[in-house]
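Survey of secondary and tertiary structure
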Amino acid sequence: MTYWQTTAQVKPFLDPFGRSAKVGTMTPNRPVELIGENKYAYLKDQNLVLATLDPATETVKEEQRPIPNQDMFAYTNYKLLGDDLFWVGKGQTLKWAKWQGSAWSQPQEVAQKVTALQLQEAGGKKLLWVGVAGNLNAYEIGSDQLTLIKNFPHTNVETLTAALDDQGVDHIGVVDNINGGLYKLTYSTLDTKTWQGSAPVPVSELSLNTDSSVDAGSFGVDGQNGYFLVTYKIGKLGIKTLNLYSFPLGSPENVQHTTIVPHTFMGDEAKFVYDGVIMPGREQDGLKFGFVASTADSPRFEGNELYIGTLQNGQWKGDAARLTNIHKIALNPVLQKKGSAISVFFTEETTFSTFDIYSTTNNPTYAEASNKLTADDFKMSAMQVPVYLGSAIIQFFIALAWPCASYIYLMYFVLRREDALYDSASRHFWVAVVLYLISQISLFLAYGNLNNWRIYAPEWLHTNFAIALLFIAFALLCSLITWIIRKTFYERNAIVEFSYFTMLNLWLTLLGVAYWMTY
């Protein structure tokens, strides 16, 4: 990657996606609920907000409805489809209420010990999937009652995703918590036309340490293969990794495990990768999935950003296109496609109790209108200057080692043969400069952050030889300036001239390379 290509990644927008725009503020830390094309819902204070997004302008129209019951905040696990609202309340009780024009109906209790749920529309029918202790139940939602269609035996449904294909068959992927750190991935199907289903088939067993757990899960199919994206939360530090389990739909036992690990711009593996979510619908080049990764190795790329990748032929294609440049911690991605445009929603922690909702899209109208630098962008860039100046100051003290050998050489003459510094000033000055260059180049190549250098510097400066030539050029320029200054001296002195050279070179070199040495 060239310098100019890398610099383009620093912009607050990344073509073909537009600039991330704030489209709401929610109270709990959870993904927004998609309730239609460019429509989403979220909880804010004591209200359920229904928002409609215009993808061409990223403007939002909101409708606020009071929540039907305070226990919606017990788990903040709710689903909304049309006028039907389901949520897990106190005691893991599933409740159901209908919007009646101006208020909610009296909540009904549906099930106990609920661990997961999903709402779905299939062929004009509304389906409710409910994970309870020992079972996964599928209900058809009527006007005033639920009809149990099918139940699948499970131990404790941790996460579930029902992916509907073009033939009206639901493909159900479940992360089942067997006991503690022992999990099982299972796959089953349900024909939404005949209500005939297949029993859950074990895909893979996951055995985690006692201080680790499954943090999130998502499932999707592309017609030939099924894909589980499972986020592990590992150890006391809470390091997160994103794991892909893929299998042929006809033989789920032939599972392949891959870790989703994008690379930083320095070629290193990302340290945090999490919140993988598969976008509904299959593209020509495969299934698209979003995830968050921390690929920051320098202040220019701090934060956990949103990425999009592709699953095809039972594998991750290895792509990871970056969608955001918020330089903060992104959470809870949700992807939706309408026509050729992909809309992405995600959250960012604002305070300890509120989370801002952001959206971005590759809608050409919005991208063209928003992908322009503004005065605020230049102000933000100016705020980065102290970071690099601070780095230069720190490196200044490190760089003080560069002239040590030269000053040892010159101090020998000060103590033993001081007249030589006056009589043969040019010779001793150039010897000191050569010693300085040897120390400077060797120390920089040995201890400089060359990973950053080789990414941010122009390609013709990537080799050690080119770096050495650059330092020699700096030294010659500083020698020329010193030669001009010494014309004003009454009497030449090698140590005085070298001191002028040293300060000029330190200033020029540190300003020249601090930007690329910063980490």
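A separate point is the sheet that holds strand 19 (residues 225–234). A sheet is described by the order of its strands in space; here four strands give the open sequence 18-19-20-21, paired in antiparallel fashion. Lying at the two open borders of the sheet, with one neighbouring strand each, are strand 18 (213–221) and strand 21 (256–260). Direction aside, neighbouring strands of the sheet carry axes that sit 20° apart on average. Two elements, strand 19 and strand 20 (residues 239–248), share ten bridges in a ladder whose sense is antiparallel. By the bridge assignment for strand 20, Asn225 is matched with Pro248.

Okay, the packing of helix 7 (residues 425–447) against helix 9 (residues 464–485) next. At a closest axis distance of 10 Å, the pairing of helix 7 and helix 9 adopts a crossing angle of 145°. Relative to helix 9, helix 7 is oriented so that their crossing is right-handed. The residues of helix 9 that touch helix 7, namely those facing Phe429, Trp430, Leu437, Gln440, Ile441, Phe444 and Leu445, are Asn464, Ile467, Ala468, Phe471, Ile472, Ala475, Ser479 and Thr482. Looking at the contact of helix 7 with helix 9 residue by residue, the classes come out as eleven nonpolar, four polar and no charged.

Our next topic: the environment of Val169. When you line up the elements, Val169 lands in strand 15 (residues 169–179). The class for Val169 is buried, based on a relative accessible area of 19%.

Next up on the list: the sheet that holds strand 11 (residues 125–132). Overall, antiparallel pairing links the four strands, which are arranged 10-11-12-13 in an open sheet. The sheet terminates laterally at strand 10 (114–122) and strand 13 (146–153), the two strands that pair on one side only. Neighbour-to-neighbour, the strand axes of the sheet open up by a mean angle of 20°, direction not taken into account.

Running from amino to carboxyl end, helix 5 (residues 404–416) crosses helix 7 at an angle of 150°, the nearest separation of the two axes being 7 Å. The angle between helix 5 and helix 7 falls in the class roughly antiparallel. Residues Ala405, Ser406, Tyr409, Leu410 and Phe413 of helix 5 form the contact with helix 7, whose participating residues are His428, Val431, Ala432, Leu435, Tyr436 and Ser439. When its residues are assigned to classes, the contact of helix 5 with helix 7 shows eight nonpolar, three polar and no charged.

Basis of the calculations
- Just so you know, the residues in each chain are numbered from 1, in the order the chain's sequence is written.
- Local features in this predicted model are restricted to residues whose pLDDT is 70 or higher, and side-chain atom pairs enter the listing and the counts only when it is 80 or higher, whereas totals over whole chains, interfaces and linings include all residues.
- Each side-chain value is worked out from all heavy atoms of the structure, with water and hydrogens disregarded.
- A pair of strands is considered paired only if DSSP assigns at least 2 bridges between the two.
- The numbering of helices and of strands both runs from the N terminus, where a helix is a DSSP run of H or I of at least 4 residues and a strand a run of E of at least 2.
- Orientation is described by lines fitted to C-alpha atoms, with helices fitted over the stretch in contact, and by angles between N-to-C directions that extend from 0 to 180 degrees.
- By convention the crossing between two helices is left-handed if the near helix lies anticlockwise of the far one by an angle smaller than a right angle, and right-handed if it lies clockwise.
- What makes two residues a contact is simply this: any of their non-hydrogen atoms within 4.5 Å.
- The nonpolar class holds Ala, Val, Leu, Ile, Met, Phe, Trp, Tyr, Cys and Pro. Asp, Glu, Lys and Arg form the charged class, and all remaining residues, Gly among them, are polar.
- Note on classification: 1.4 Å probe, protein chains only; a residue is buried when its accessible area is under 20% of the maximum for its type, exposed when over 50%, partly exposed between these limits.
- Orientation categories follow fixed angle ranges, with anything under 35 degrees roughly parallel, anything over 145 roughly antiparallel, 65 to 115 roughly perpendicular, and all other angles oblique.

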